[in-house]
Amino acid sequence: MAPSSGSPIVSLSGVEKHFGAVRALAGIDLQVARGECVGLVGHNGAGKSTLMNVLAGVLAPTRGRIAIAGSLEEDWSARRARMRGIRCVFQELSLCPNLTVAENTRVLHAALKGFGWRRRAARLIADKLDEIFPGHGISPSAPVQDLSIDRRQMVEVARALTVTDEPLALVILDEPTSSLDAHTAGQLLAYMRRQVEAGLSVILISHMLGEVLDHSDRIVVMRDGLAVASDAATAFDRARLVREMGGEDRAAPDTAVPASARGQAPVRVRARPARQSGGPALVAHKGEVVGLAGLAGHGQTALLRAIHDAAPRGRGGITVDGPVAFVAGDRQSDGVFPQWSIARNITLRSLKALKQGPLIAPARERELAEAWQTRIAIRTPDIGNPILSLSGGNQQKALFARALASDAAIILMDDPMRGVDVGTKLEVYDIIRQEAANGRTFLWYTTETEELMHCDHIYVFRDGTIVADLARGDLTEEKVIQSSFQEAG
Amino acid sequence: MERALALKPDLALLARKLLPAFSLLLVVAAIAWLNPRAISYLGFNLMLNLAIPIILATLAQMFVMAGNDLDLSIGAFVGFVGCVAATWLNEAPLLGAAVLFGSILVYAGLGALIHWRNLPSIVVTLGMSFVWQGLAILVLPDPGGAAPEWLMAAMGFAPPFVPFPILAAILIAAATHFGLMRTSYGAILRASGGNAAAVARAGWSLLRIRMTLFGLAGLFGVLSGLSLIGITTSGDANIGAGYTLLSIAGVILGGGEFVGGRVSPTGAVMGALTLALAASSLLTFLQVPPDWQIAANGAILILVLAARVLIGRGKAA
């Protein structure tokens, strides 16, 4: 349990933040003690990110008071927050892709200057990476643009925990494991616990409820810009968390195709990873939801891209029967068109069907977008609003709508639920099941084991090859982890 | 504690870095094949006669591009500097120096304006290109004037063994490489092009970064204009007309990119050298008639840039 001696490291009272008419924070109170890990959960749009940005000094609160280690802060800013030892790991990766890992460390530390700063920066980040993620294999002189997304997240986390001349008192981790596989996520959470025992304070924001339940001392549930519940982590369980957040906990629906049905429906996709010469091929039949599992970055995305490129008729050993659509996982860089409206973002994949002569018929475009807005429940007053006015989860829904509104018979999903709230996930799972029942085929790469329960058939990847081929009935988390770590051969 | 920091040479990165050197070697090899006598002390001095101002203008453009901006006024600015150098700097050195220094401050001010009002840099600098050209015509309505003696002496410097333009190119490349790629603030300058929001969140002033980058562009623009006048010995308001596009092409040819803070000073210097050689010497040796040289110049530019895109794509795949 957390020691409660002395004044809390952070104390917020009555903090409000308004964006125009929207009250993102509605007078929240929050205390974090020294050596305490506070788990922060809530729907997308509950105000977690705003709260974090206020704490980090990036956003100025409209009203309310911030006290750090007992002293009231009058002129709160990003610089001041860093001086008082508050660090953030932001959900959108905040590394500069054009710089090396060591140079990115320099960006965070004004003290890393003068003669030999490159060597000192490299040493600092390499030591921290070794400490948190033993066996990470990241070179400090590598440009970040050449690193895979999970390694970028490892650098991001390690960088936030490096110390030069400024103290480190509180770390805010916003979805720190969203791009990490189970193994590295475990390394990170174990390290975090060790640091908490040693006196560091942590705010852990995560949509993976198990992670929060297992690794926090106390859990605060946010809803509509307020802290609606705060209690010891042991007093919560999954069902209570979901209830407090305002969602409902539903078990995975047991509507999967029985194993015997497999093989009777026509084959829509048959593909082998490029690095694999023999062994099992990925096969997806009409109306199936096929899961691609395994550690992050082991060739799942590459295979999805190869299938996408081979569509609609197949090419180079990959059989594809029908048009495909792709739902990107990294929505900021691969998914949304930030300058466009929600409607335009949805209809992009269906423009051929919306043509009237050489032009796009605006009425039909709007009709299609509105139909899918209702169908998939995108929360916005007007579908003509810019896509960036939506919360992250709703942006992801728009990307689903783009794929589902199209003529695609095969939907490729590249870990699309990264950083999406529970409510949205459950809604999307339902839609996937309905669409699969209508005869669509889903190829679903996911890093969350829970999501595999929604698949009819699972292929586990390891080092760019398929190492296991599991029917839904055989699926257990243990089996997936086992196959993920076994050597291919 | 000594530890091997896994210095695995990254092949893609290596190819990206070597491409500018490769294209420069290709042009030099072509010239050597067409006219072996050109590869000599005198030959390089003649061929690279105008290389130094092009290099400096390219580096000015590179600083602006490091922050994801584009400077469409650098050519007109070089012309303006040339006119000031050929008149006021010669007749009233103090006034001339003050005007040149002031113009660097104007450049930094443009950076501030672009940042503060969130304006597109191409619009602002396109407008400024007319301002600089107008000022240049006011200062020197007709081609003429005279460069200061010291400037001509400096540009006429003849070191032993190594032709001056090559020596200057190496020194300029080394200095800017150190400044932008090796110093700690240089990393911050490049970071602003890579992820401006993250740089701001880490507590750095984006305003100061923009002003620094534009101020450096102004400084190198002034140096470019001065060196140009030192070579041509007299001024002309339109003397830098081709420099804007040449500088952008030089940065791109040198491995830089329009967005993302991906620039390389050594690459930009090599890109500028390649263009300087390909633009006149190579075409003359190929016996392209003067009427066709500008068109042929454009064709070479397209070819070289297309090759860069193709090779870059091949490496990525």
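Residues numbered from 1 in each chain as written. Chains lettered and ligands numbered in written order. Predicted model: local features only at pLDDT ≥ 70, side-chain atom pairs only at ≥ 80, totals over all residues. Heavy atoms only, no water.

### Focus on the overall build of chain A
What counts, and what does not: By the criteria applied, helices consist of DSSP H or I runs no shorter than four residues and strands consist of E runs no shorter than two, each listed in order from the N terminus. Radius of gyration here uses only the C-alpha atoms, and the compact-globule reference equals 2.2 Å multiplied by the residue count raised to the power 0.38. Only protein chains enter the accessibility calculation, which uses a 1.4 Å probe; a residue is then buried when its area is under 20% of its type maximum, exposed when over 50%, and partly exposed in between. Under the convention used here, a 1.4 Å probe and the Shrake-Rupley method define accessible areas, while residue burial counts only the protein chains that appear. The positive count covers Lys and Arg only, the negative count covers Asp and Glu only, and His and the chain ends enter neither. Here the site of a charge means NZ on Lys, CZ on Arg, CG on Asp, or CD on Glu.
When you go through chain A residue by residue, the secondary structure sums to 16 helices and 21 strands. The globule rule puts the C-alpha radius of gyration for 489 residues at 23 Å, and the 23 Å found for chain A is close to it. Once the C-alpha set of chain A is aligned to its principal axes, its extents read approximately 70 × 55 × 45 Å. By the burial criterion, 55% of the 489 residues in chain A qualify as buried. Surface accessibility of chain A: about 20000 Å² in total, with carbon and sulfur atoms responsible for 51%. Here chain A contributes 56 positively and 56 negatively charged side chains, and the mean placements of these two sets differ by 5 Å.

### Section: the interface of chain A and chain B
Here is the rule we go by: Contacts: residue pairs with any heavy atoms within 4.5 Å of one another. Accessible area that two parts lose when put together, evaluated with a 1.4 Å probe and summed over both, is termed the buried area. Any Lys or Arg side-chain nitrogen located within 4 Å of an Asp or Glu carboxyl oxygen qualifies as a salt bridge. Two N or O atoms form a polar contact when they lie within 3.5 Å of each other; inside protein one atom must be a possible hydrogen donor and the other a possible acceptor, and for residues adjacent in sequence the pair counts only when both atoms belong to side chains.
Every contact between the two is made by 34 residues of chain A and, on the other side, 29 residues of chain B. Contact with chain B buries area across many residues of chain A, yet A:Asn98, A:Val107 and A:Arg123 alone supply 21% of it, more than any other trio. Put simply, chain A and chain B have one salt bridge between them. Taking the shortest distance from any N to any O, the salt bridge between B:Arg190 and A:Glu103 comes out at 2.9 Å. Applying the counting criterion to the chain A and chain B interface returns eleven residue pairs in polar contact (both at pLDDT 80 or more). Every element with two or more residues in the side of chain A that touches chain B is listed here: helix H2 (78-83), helix H3 (101-108) and helix H4 (117-132) of chain A.

### Observations concerning unusual backbone geometry
The backbone of A:Asp415 shows a phi angle near 45°, a positive value even though the residue is not glycine. Relative to the helices and strands, A:Asp415 is located in the loop between strand S18 (410-414) and helix H14 (422-437). The phi dihedral of B:Phe161 falls on the positive side, at around 70°, and the residue is not glycine. Along the polypeptide, B:Phe161 turns up in the loop between helix H8 (149-155) and helix H9 (164-182).

### Topic: the environment of B:Ala217
Residue and element names in this part refer to chain B. For Ala217, the location among the structural elements is in helix H12 (residues 206-232). Judged by relative accessible area, Ala217 falls into the buried class, the value being 0%. The sequence separation of Ala217 and Gly203 amounts to 14 residues, and the corresponding C-alpha distance is 24 Å. Look past the residues within four positions of Ala217 in its chain and what remains in contact with it is Ala60, Phe63, Val64, Ile74 and Tyr107.

### Let's talk about the sheet that holds strand S20 (residues 457-462) of chain A
Residue and element names in this part refer to chain A. The cut-off we apply is this: Between any two strands, pairing holds if DSSP finds at least two bridges. The axes are straight lines fitted to the C-alpha atoms, using for helices just the contacting stretch, and the angles between their N-to-C directions are given from 0 to 180°.
Read from one edge of the open sheet, six strands run S15-S18-S19-S13-S20-S21, paired in mixed fashion. Only two strands of the sheet have a single neighbouring strand rather than two, namely strand S15 (324-327) and strand S21 (465-471). For this sheet, the mean angle separating the axes of adjacent strands, direction not counted, is 20°. Two elements, strand S13 (residues 289-294) and S20, share five bridges in a ladder whose sense is parallel. Along S20, the bridge assignment pairs Gly294 with Phe461. Strands in contact with helix H13 (residues 392-405) are S15, S18 and strand S19 (441-445); relative to S15, the strand with the most contacts, it is inclined by about 175°.

### Looking at the pattern of salt bridges
The final tally for this structure, using the stated rule, is 22 salt bridges over all chains. One salt bridge connects A:Asp456 with A:Arg433, and the closest N-O pair in it is separated by 3.5 Å. Here A:Asp456, found in the loop between helix H15 (449-452) and S20, pairs with A:Arg433, found in helix H14; they are 23 residues apart in sequence, far enough to count as distant. Exposure class is identical for A:Asp456 and A:Arg433. Each is buried. For the salt bridge of B:Arg210 with B:Asp69, the shortest nitrogen-to-oxygen distance reads 2.5 Å. In this pair, B:Arg210 sits in helix H12 while B:Asp69 sits in the loop between helix H3 (51-66) and helix H4 (74-86), placing the two residues 141 residues apart along the sequence. The structure contains a network of salt bridges with shared partners spanning A:Glu73, A:Arg80 and A:Arg84.

### Structural notes on the packing of H4(B) against helix H13 (residues 243-253) of chain B
All names here are of chain B. As a reminder, the rule being used: Between 65 and 115 degrees an angle is taken as roughly perpendicular, under 35 as roughly parallel, over 145 as roughly antiparallel, and anywhere else as oblique.
Across the interface, H4 lies against H13 with an axial gap of 6 Å and an inter-helix angle of 125°. In terms of their interaxial angle, H4 and H13 are classed as oblique. Of the residues in H13, those touching H4 at Ile74, Gly75, Ala76 and Val78 are Tyr243, Thr244 and Ser247.

### Topic: the side chain of A:Asp181
Residue and element names in this part refer to chain A. Mapped onto the fold, Asp181 is located in the loop between strand S7 (170-174) and helix H6 (182-197). There is a polar contact of 3.1 Å between the side chain of Asp181 and the backbone nitrogen of His183. Setting aside its immediate chain neighbours within four residues, Asp181 contacts Asp150, Leu295 and Ala296.

### Here's the deal with the confidence of the model for chain A
Low pLDDT means the predicted coordinates in that region are not meant to be read closely. To keep things clear, this is the line we draw: Scored between 0 and 100, pLDDT is the confidence that the predictor attaches to each residue.
Confidence in the prediction for chain A averages 83 pLDDT; 91% of positions are at 70 or higher. Every residue in residues 248-260 of chain A scores below 50 in pLDDT, and together they form 20 contacts with partners more than four places removed in sequence or on other chains.

### Regarding the packing of H3(B) against H13(B)
Residue and element names in this part refer to chain B. Heads up, the rule is: A clockwise turn of the near helix away from the far one marks a right-handed crossing, whereas an anticlockwise turn of less than a right angle marks a left-handed crossing. Only Asp, Glu, Lys and Arg are considered charged, only Ala, Val, Leu, Ile, Met, Phe, Trp, Tyr, Cys and Pro nonpolar, and every remaining residue, Gly among them, polar.
Close contact between H3 and H13 brings their axes to 8 Å; oriented N to C, the two are set at 70°. By the criterion of interaxial angle, the relationship of H3 to H13 is roughly perpendicular. In terms of crossing hand, the pair formed by H3 and H13 is right-handed. Along its contact with H3, which presents Pro53, Ile54, Ala57, Thr58, Gln61, Met62 and Met65, the element H13 presents Tyr243, Thr244, Leu246, Ser247, Ile248, Gly250, Val251 and Ile252. Grouping the constituent residues of the contact of H3 with H13 by class yields ten nonpolar, five polar and no charged.

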